[in-house]
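# Inside the fold
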2 protein chains.
Amino acid sequence: MKEKAPVCKVTLFDEETVQTIRANLPGEETIIELSEVYKSLGDGTRLKILLALKEKESCVCDLAAALSMSQSAISHQLRVLRNVRLVKYRREGKMVYYSLDDEHILKIIQEGLNHIEHK
Amino acid sequence: MKEKAPVCKVTLFDEETVQTIRANLPGEETIIELSEVYKSLGDGTRLKILLALKEKESCVCDLAAALSMSQSAISHQLRVLRNVRLVKYRREGKMVYYSLDDEHILKIIQEGLNHIEHK
DNA sequence: ACCTCATATGTTCATTTGTTCATATGTTAT
DNA sequence: ATAACATATGAACAAATGAACATATGAGGT
């Protein structure tokens, strides 16, 4: 007989664990915001854009050329990235130059790369 | 007249920028893998599971209880997380205990939180 | 004022994704 | 072997997403 038999049975779980988990979960709003950030990162085109901007601030047409995609497609994806503040931009005449919004983005991507290169 | 007029015109972009971007982009395979990791993070339920596991290794039924969701739903999401090696598990009798796969996951989530708390 | 270029947005449509229900594994105890 | 339980999986469907088209906006030059 164990002192702490692991029982579950739908309603019989480890109360303490459950309470701890619940107490430490951020609010629903935070969860949604966070998931939207990762969702935006979860697309090949957008990742390429961010990896490109990691090197150097660029205008939309350079991004389109570098990724061999239409300007419209790039612009759509940039809007998604703007909405979650992954990129910021600055206007100079007709051109709009995009860059990464903050250092967190870089770290998130770097740790992601570390993960898949399995350390 | 500027010394470096920003011209674009579909085929007229900054060659150097374009070359630099292309030269530094990871291969397509890496991009796909990376996007799948973030895609997996881009869901509220899966984020909650990871935030829960951040605290303490847990079995499926505790996760289901803590998040007030069906065992089936949790199990399905755990499979997604397993597929991209965001979680690992260990069997103990009937129970299966899940935990975060490595430290990178924690950092990715932490930087994500830092980002949305805009600091 | 006009025209052109760079970028942004709306709409439609095909595909992907998440959830639920029902069922299947796999483990322990009798 | 059978029962009971924890977890996993398959099918079906609604909802979210992405690509591609046309069109709109905003800036500079004429």
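Here goes a summary of the coordinates provided. (Residues numbered from 1 in each chain as written. Chains lettered and ligands numbered in written order. Predicted model: local features only at pLDDT ≥ 70, side-chain atom pairs only at ≥ 80, totals over all residues. Heavy atoms only, no water.)

### Some remarks on the nonpolar core
- Tyr38(A), Leu41(A), Tyr38(B) and Leu41(B) are the most contacted members of the largest nonpolar core, which totals 67 residues.
- Excluding anything up to four places from it in sequence, Tyr38(A) contacts Ile108(A), Tyr38(B), Lys39(B), Leu41(B), Gly42(B), Leu47(B), Ile108(B), Ile109(B) and Gly112(B). (Core = buried A, V, L, I, M, F, W, Y, C linked by side-chain atoms within 4.5 Å. Buried < 20%, exposed > 50% of the residue type's maximum accessible area, 1.4 Å probe, protein only. Contact = heavy atoms within 4.5 Å.)

### Some words on the relation of the copies chain A and chain B
- When chain A is fitted onto chain B, the two copies agree to an RMSD of 0.1 Å after a turn of 180° and an axial shift of 0.0 Å. The operation mapping one copy onto its partner corresponds to a two-fold rotation axis.
- Both copies contact each other with a shared surface, as 100% of the interface residues of chain A are interface residues in chain B too. (Least-squares fit on C-alpha atoms with pLDDT ≥ 70 in both.)

### Quick notes on the packing of aromatic side chains
- By the definition in use, this model includes 2 aromatic pairs over all chains.
- The interplanar angle of 35° and the centroid separation of 5.6 Å between the aromatic rings of Tyr89(B) and Tyr98(B) together place this pair among those described as tilted.
- A relative accessible area of 6% means that Tyr98(B) is categorised as buried.
- Taking NZ or CZ as reference, Arg82(A) lies 5.7 Å from the ring centre of Tyr89(A), over its face. (Phe/Tyr/Trp six-rings, centres within 6.5 Å; stacked < 30°, edge-to-face > 60°. Lys NZ or Arg CZ within 6 Å of the ring centre and 35° of its normal.)

### Remarks on the sheet that holds strand β2 (residues 87–92) of chain B
All names here are of chain B.
- Reading across from one edge, β1-β3-β2 is the order of the 3 strands in this open sheet, with antiparallel pairing throughout. Strands at the two margins of the open sheet, each flanked by one partner only, are β1 (58–59) and β2.
- Bridge count for β1 against strand β3 (residues 95–100) is 2 bridges, and the pairing is antiparallel. Paired with Cys 59 across the bridge in β3 is Tyr 97.
- Docked against the sheet, helix α5 (residues 71–83) engages β2 and β3, running at close to 120° with respect to β2. (Pairing = 2+ DSSP bridges. Helix = DSSP H or I, 4+ residues; strand = E, 2+ residues; numbered from the N terminus. Axes fitted to C-alpha atoms, helices over the stretch in contact; angles between N-to-C directions.)

Interpretation note: all reported values are geometric properties and have no functional meaning in isolation.
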